[in-house]
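Structure assessment
Below are the chains, spelled out letter by letter.
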Amino acid sequence: MELLALDRVTKRYAPDRPPAVDALTLTVEQGEILALLGPSGCGKTTTLRLIAGFEVPDSGRVVIRGATMAGPEGWIPPEARGVGIVFQDYALFPHLTVAENVGFGLHHFGRTARQERISQILELVGLGSFARRYPHELSGGQQQRVALARALAPAPALILLDEPFSNLDADLRAQMREEVERILRNTGTTGIFVTHDQEEAFTLAARVGVLNEGRLEQLDAPETIYHHPATLFVAEFVGAADFLPGLVTPYGIVTELGVVANTGAWKIGEKVKVMLRPDDITFVPSSVGDGMIIRRDFRGSETLYCIRLPSGHRVHSSQASSSLYPNGTRVRAEVHLIHVVTFPA
Amino acid sequence: MKRTAILLLGLGLGLSAALPTWASASEVVVYSARKEELIRPALDAFQKATGIKVTLLSAKAGDLARRIEMEKSDPKGDVFLGTTAGIAELLRRKGLLAPYFSAAAQEVPEEFRAPDGGWVALTGRVRVLIYNRTLAAERDLPRSYFDLTDPKWKGKVAVASMGERTTVSWLAALMALRGEEATRQYVKGLRDNGLKVLNNNTEVRKAVARGEYAIGITNHYYYLLQLQEDPHSPVGILYPDQGPDGIGTPVFSITAGIIKGAKHPDAARALVDFLLGAQGNRLLVQGEFEIPLIAGIPVPGEDKGVKGLGQFKKARVTQVQLADLEPRVEKLFGPFLIP
Amino acid sequence: MTVRRRWSPAGLALAAPTAFFVIGPLGFLVWMGLAQERADFLERARDLDLLMVVGQVALLATLTTVWACALGVPLAWLTVRTDLPARRLLHWLAPLPLAIPPYIGALVYQILLAPGGMAPRLLGTGSLPVSLYSVAGAAWILGLFTYPYPYLLVSGALERTNPALEEAARGVGLSPRHVLTRVTLPLLRPSLLAGALIVFLYGWADFGVVSLLRVRTLTTIIYEYVQGTLDWALPAALSVLLTAITILVLLLQLRALGRARYTQIVGAAKPAPRIALGAWRWLAFAYAWGVLTLTLLLPLGVLGYQVSRLPASDMGAFLLTQWPYFVNSLWTAVAGASLALVIALGIGWLEGRGLSRSVSGLFQVGYAIPGTVLGLGLAGFLHATLPWIYGTPLALIVAYLVLYITPAYQAVKAALAQLHPSIEEAARSLGRGPLAAFRAVTLPLIKPGLVAGWLLVFVLSMRELAATLIVRPPGFDTLPVRIWIHAMDVGPEPRAAALALALVLTIALPWSLLLSRRLRGISPSV
């Protein structure tokens, strides 16, 4: 069942500037977790605010559970949308205890029902014993959990998370990510979260939408986004990628590193760019090799080499972390493409 | 929220407590340019005698007159009490005072009454010189206002600012008797001689008593007020221009006028009657150390050298003449009569 | 929050009357001033030595500023950054002289220093070599009782500046003295400038002190014409001139401060290490208590002594008769402060919701209007437009509102600025409407700021004199007016002193409340 639908939603902050969100169309299914990924200023937070009702779209339609929230026929304010939000800075109410924060959205509940719901949710996020603390007495991870609990308490149909993990330390981030995913799945809550971190988007979401300059470039499963980027922007933004020029011939696309299959059905004689991920490229040291290692980055679980080809193009190759070749080593680079991705030159 | 409620409640109570006092029927609103302390006893006596509540606005005459003019369409005051006739006459000419011929006013000499009954003088004040006895020997004292330009008095003479209408009236008197040009020269001479302009007559009397200035140009009752404050003050009183060629010493007056369209006309008339009546006028004269304009009331301070009407040579100007010239004085000399 | 710029009815309902009361009186004065014939005006301007007067006021304001900063800035540094003995007590006492209106300070120093006053009598001379009745004397008084403004702003800035900046300067080899002159002081510049500006404008527009000390200024000329004559045109024209220069100074200040950000505010920075004064400690101690003696202990002592000169029973009877004036002051100030706060709150809230910023800019003009001018303009304007307000205590409340909406608005804005908009949005997303969210979340969080703003307006209204003198209705005097009447009629005698002491104590209580709040930190920690 379709829970949220955005239909050609456009939002412009100033008439003389390009729209922050440009004719955005997407749907989210009940129970799905969707990530909106993009660089800062791409319009992802604005999209979230349009869904929540903090912004009014200039045109287009926002529909939640079949009811129009914003569109030509009118606009429903945030408090009437039943959408929960976890803010980047958590926005916990500093003058209220954890329990009061969580119970804030339960003002329609009776007293006992409210208490029950508060303890139930606090148990869910593992903060049962913190009910009487104030937000400033909690650690960052705990504050995050309170923010999530507060948003979940009224059982919203949809929960929006704005860069939810950006204020956490790296190790805590992975842990919270798992926990949030567990909680959302256990409660069957539909979630949309916004991030500029692809790893976060890939691990948490079933589908990822990549936004650029207010437009949705691609909306697909993480694997598809990574291996079959629909646009040059997605290819570049998601994962590392090098591009080698290629010429389409009857035998395939000829590049400096060999011939790859013409899966894109390009016409013969056309010039294209072939996308190469670091794990598509291997090399062997060779005194007659025409490539040269010009940089090595040790990354712990892998080592990333930058190889300069005779044409001057540089490609990156990901190797096991045990691999150890000094700069200046002559190598012969090879391409092993499973997914051939090409773009017009 | 609770605090706000209490606050609003308090406000409401404050308002309701304050409102009825403006609407009270047996009330008279007095716009008084007179020192509050001096006029209070007479007003309190009136309130006690009649049961009419006196609401007092004490301010300088110009401020009060401006209010009266502004409030023309809906007067807030009933009675105007001025420190000279000048402002009252101005108000009368603008049609802002209602004529009233009090029976008691017949006792007041004619020159102290507006011909149409617009205002009437209650008591008199004489424009004298007071001097510090330790700084000015008896034989050196000036005989005339015009002696004050003598280098002998350089930096030793003080006068109150234009805010005190008696200062304006004084120059108006000189102008009436000696002409505009002579007065202009005289004021210039005073300024060149370091005439000090103080805020008000109280400062003049205190400064002279303290010995900051040898001579103060002020009203006679300040001499008595100073002696009342400190009986040992080394101050003396001097009636200038008494000689055969002198212009005489000007007499001004406290004037009362009923404001046209006053909300409480009867109470206003009652107040004027009271202040001109034997009891009220006596209280006024005694409280203020003024000289009586009505026969039969003793002159306060006679034992200290204060002279009643007829006991000194009075400058031959009427109150109306003074009022005529005052705007001219303001215009010509106002800028020099500011501290 | 919608970013659509529009005039909501609520916004108009709040903004229109306030704008009306700010613009109206000024417009009225301009209109009255224009009635003046030009040649006539020029002639009188020459007679009044108007250029010299403007120069004299500028000199007075400058001297006042220098003097106030000389008192306040070292004291701020000493109490915040050094191991001065009893610095906590000093830090609490130092702003308290603001509870003494400068005109009361002038009364006190008249008793002390005027010819024949306590000091000359003690010294056995008739008068002192430098007269109190001079520009220097007025600057002395004004500086003594306005130094808390630079003190508060500079000590606040000193508490907020990141000590890491000073440590960094030490790290690159600057000596402590160079750190002070090359890092600390430049960082303080905006707060110093802001404090100096408040004092400068105070000196520029003061009426009470200069009038008592007979220094000729634009305000005293205006007042003299208002109380002595029926003339409208000249005082109106001078009022317009006075206000125009004030607004000019404010605009210049905006330009001067608008560019750079200096204060690096850090949330949880550790307090800067205190500098050990060593042998200078006791000299600094003497200096600090010297300042407080001149500005707080001596005035209170003199007033107390003056009060004690009248027998207690007489004094009691006198004070009983003055009770209604006290009540008048109290409830108009309470009403003025409450109204100012409600309007400021409404505007602050609506400003985040599309209300044009020019509206709040307009209110700031009210702060730039000297009290004397506002009184004159407001009386005429109210009578012409809202006669049912004219001649009632409501006129006083309107005057307080116009004069002090700016501090109220600034307090509200400062409190709101500390709230991230997401706080209110979170409440919206949890099912609360705009007003409910405001009540449940925003209001409790900004309450300390609102209380501070309210107290500030209350205190300022309680001591307002210049405008009150002109707009008060018959029979409705306030405490400052009574003090004024007594002081002008009889001089600074015991009864004036008793009223002054009553006023000071009434103001001091909310002030110390306000200050203890400031010291506890107004914002709740998140």
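Residues numbered from 1 in each chain as written. Chains lettered and ligands numbered in written order. Predicted model: local features only at pLDDT ≥ 70, side-chain atom pairs only at ≥ 80, totals over all residues.

Comments concerning the overall build of chain C
Scanning chain C from N- to C-terminus turns up 23 helices and zero strands. Contacts in chain C between residues at least 24 apart in sequence constitute 82% of all its contacts with a sequence separation of at least 6. (Helix = DSSP H or I, 4+ residues; strand = E, 2+ residues; numbered from the N terminus. Contact = placed C-beta atoms within 7 Å.)

Looking at the overall build of chain A
Scanning chain A from N- to C-terminus turns up eight helices and 21 strands. Seen through its C-alpha atoms, chain A measures out along the principal axes to roughly 80 × 50 × 35 Å. For chain A, buried positions account for 41% of its 345 residues. Within chain A, counting contacts between residues at least 6 apart in sequence, those at least 24 apart form 64% of the total. (Buried ≥ 20, exposed ≤ 12 C-beta atoms within 10 Å, placed from the backbone.)

Quick look at the nonpolar core
By size, the foremost hydrophobic cluster in this structure holds 369 residues, and its most contacted members are Val79 of chain B together with Ala340, Ala399 and Ala500 of chain C. With 17 residues, helix H18 (residues 393-417) of chain C is the single largest residue contributor to this core. Not counting chain neighbours up to four residues away, the residues in contact with Ala340 of chain C comprise Tyr400, Leu401, Tyr404, Ile405, Ala408 and Val457 of chain C. (Core = buried A, V, L, I, M, F, W, Y, C linked by C-beta atoms within 7 Å.)

Re the interface of chain C and chain B
Between chain C and chain B, the residue contacts involve 36 residues of the former and 46 residues of the latter. Elements with a minimum of two residues in the side of chain C that touches chain B: helix H2 (38-47), helix H12 (218-228), helix H15 (312-351), helix H17 (371-385) and helix H22 (479-490) of chain C. Of the residues forming the side of chain C that touches chain B, the biggest block, six residues, is contributed by H12 of chain C. Of the residues assigned to the side of chain C that touches chain B, the class counts are 17 nonpolar, 13 polar and six charged. (Nonpolar A, V, L, I, M, F, W, Y, C, P; charged D, E, K, R; others polar.)

Thoughts on the pairing of strand E3 (residues 33-37) of chain A
Residue and element names in this part refer to chain A. With five of five residues buried, E3 lies mostly within the body of the structure. Side chains Ile33, Ala35 and Leu37 of E3 all project onto a buried face; the interleaved residues Leu34 and Leu36 project onto the opposite face, where all are buried too. Sheet analysis places E3 next to strand E9 (residues 190-195), joined by five bridges and oriented parallel. The residue of E9 that forms the bridge with Ile33 is Gly191. Across four bridges, the pairing between E3 and strand E10 (residues 207-212) is parallel. Paired with Leu36 across the strands is Gly209, a residue of E10. (Pairing = 2+ DSSP bridges.)

A closer look at the environment of Leu160 of chain A
Residues and elements named next belong to chain A. Among the structural elements, Leu160 can be located in strand E8 (residues 158-162). Taking the C-beta count within 10 Å as the criterion, Leu160 has 26 such neighbours and is therefore assigned buried. For the pair Leu160 and Phe193, spaced 33 residues apart in sequence, the C-alpha to C-alpha distance is 5.6 Å. Dropping the residues within four chain positions of it, Leu160 is found in contact with Leu48, Ile51, Ala52, Val83, Ile85 and Ile192.

Some words on helix H9 (residues 220-229) of chain B
Residues and elements named next belong to chain B. Counting buried positions along H9 gives seven out of 10 residues, so the element sits mostly inside the fold. Every buried residue of H9 is listed here: His220, Tyr221, Tyr222, Tyr223, Leu224, Leu225 and Gln226. For H9, the secondary structure elements touched by its buried residues are strand E5 (119-132), helix H8 (201-210), strand E8 (215-219), strand E9 (235-238) and helix H11 (278-288).

As for the sheet that holds strand E20 (residues 330-335) of chain A
All names here are of chain A. With antiparallel pairing, five strands are arranged side by side in an open sheet as E16-E20-E17-E18-E19. This sheet does not close on itself; its edge strands, each paired only once, are strand E16 (281-285) and strand E19 (314-320). For this sheet the average axis-to-axis angle between neighbouring strands, irrespective of direction, equals 40°. Note that E16 and E20 share five bridges and pair antiparallel. Looking across to E20, one finds that Val284 is bridged to Arg332. (Axes fitted to C-alpha atoms, helices over the stretch in contact; angles between N-to-C directions.)

Remarks on the interface of chain C and chain A
Listed per partner, the contact involves 22 residues of chain C and 23 residues of chain A. Sort the elements by how many residues they give to the side of chain C that touches chain A and helix H19 (residues 421-429) of chain C lands first, with seven residues. Looking at the side of chain C that touches chain A residue by residue, the class counts come to 11 nonpolar, seven polar and four charged.

So, the pairing of strand E18 (residues 302-308) of chain A
Residue and element names in this part refer to chain A. Both strand E17 (residues 291-298) and E18 contribute to a ladder of six bridges, which runs antiparallel. In the strand pairing of E18, Phe298 is matched with Thr303. Where E18 lies against E19, seven bridges are found, and the strand directions are antiparallel. Looking at the pairing, Glu302 lines up with Ala320 of E19. Counted between consecutive antiparallel strands, the loop separating E18 from E19 contains five residues, among which Gly312 sits at a positive phi close to 100°.

Regarding unusual backbone geometry
Residue and element names in this part refer to chain A. Of note in the backbone geometry, Arg8 takes a positive phi value of approximately 45° without being a glycine. The exposure class of Arg8 is exposed, given the 12 C-beta atoms found within 10 Å. Phi at Ala91 is positive, roughly 50°, even though this residue is not glycine. Residue position: Ala91 is located in the loop between strand E7 (83-86) and helix H2 (98-102).

Side note on the environment of Lys260 of chain B
Residues and elements named next belong to chain B. Note that Lys260 resides in the loop between strand E10 (251-259) and helix H10 (265-276). Spatially, the C-alpha atom of Lys260 lies 8.3 Å from that of Pro99, the residues being 161 residues apart in sequence. Excluding anything up to four places from it in sequence, Lys260 contacts Gly95, Leu96, Leu97 and Ala98.

Topic: the confidence of the model for chain C
Residue and element names in this part refer to chain C. When pLDDT is averaged across chain C, the result is 81; 88% of the residues are at 70 or more. For chain C, the element scoring lowest by mean pLDDT is helix H16 (residues 357-368), at 68; helix H7 (residues 135-146) scores highest, at 94. Note on residues 259-269: pLDDT under 50 across the span, and 15 contacts to partners over four residues away in sequence or across chains. Across the predicted assembly, pTM comes out at 0.80 and ipTM at 0.82. (pLDDT = per-residue confidence, 0-100.)

A few points about the sheet that holds strand E2 (residues 21-29) of chain A
Residue and element names in this part refer to chain A. With antiparallel pairing, five strands are arranged side by side in an open sheet as E2-E1-E4-E5-E6. Both outer strands of the open sheet, E2 and strand E6 (74-75), are each paired with one neighbouring strand and no more. Relative to E2, strand E1 (residues 2-11) runs antiparallel, the two being bridged by six bridges. Bridge assignment links Val9 to a residue of E2, and that residue is Leu24.

Regarding H2 of chain C
The buried fraction of H2 of chain C amounts to one of the 10 residues, a small share that puts the element mostly on the outside. Among the residues trailing H2 of chain C, Asp49 of chain C stands out with phi positive, at a value near 60°.

Overview of the packing of helix H3 (residues 50-81) of chain C against helix H14 (residues 281-308) of chain C
To describe two helices that pack against each other, one gives the angle between their axes and the distance between the axes. Residue and element names in this part refer to chain C. Put simply, H3 and H14 touch, their axes get as near as 10 Å, and they point 130° apart. Taken as axis vectors, H3 and H14 run oblique relative to one another. Taken as a pair, H3 and H14 cross one another with a handedness that is left-handed. Contacts from Leu71, Leu75 and Leu78 in H3 reach Ala284, Ala288 and Val291 in H14. Split by residue class, the contact of H3 with H14 holds six nonpolar, no polar and no charged. (Parallel < 35°, antiparallel > 145°, perpendicular 65-115°, else oblique. Left-handed = near helix turned anticlockwise from the far one by under 90°.)

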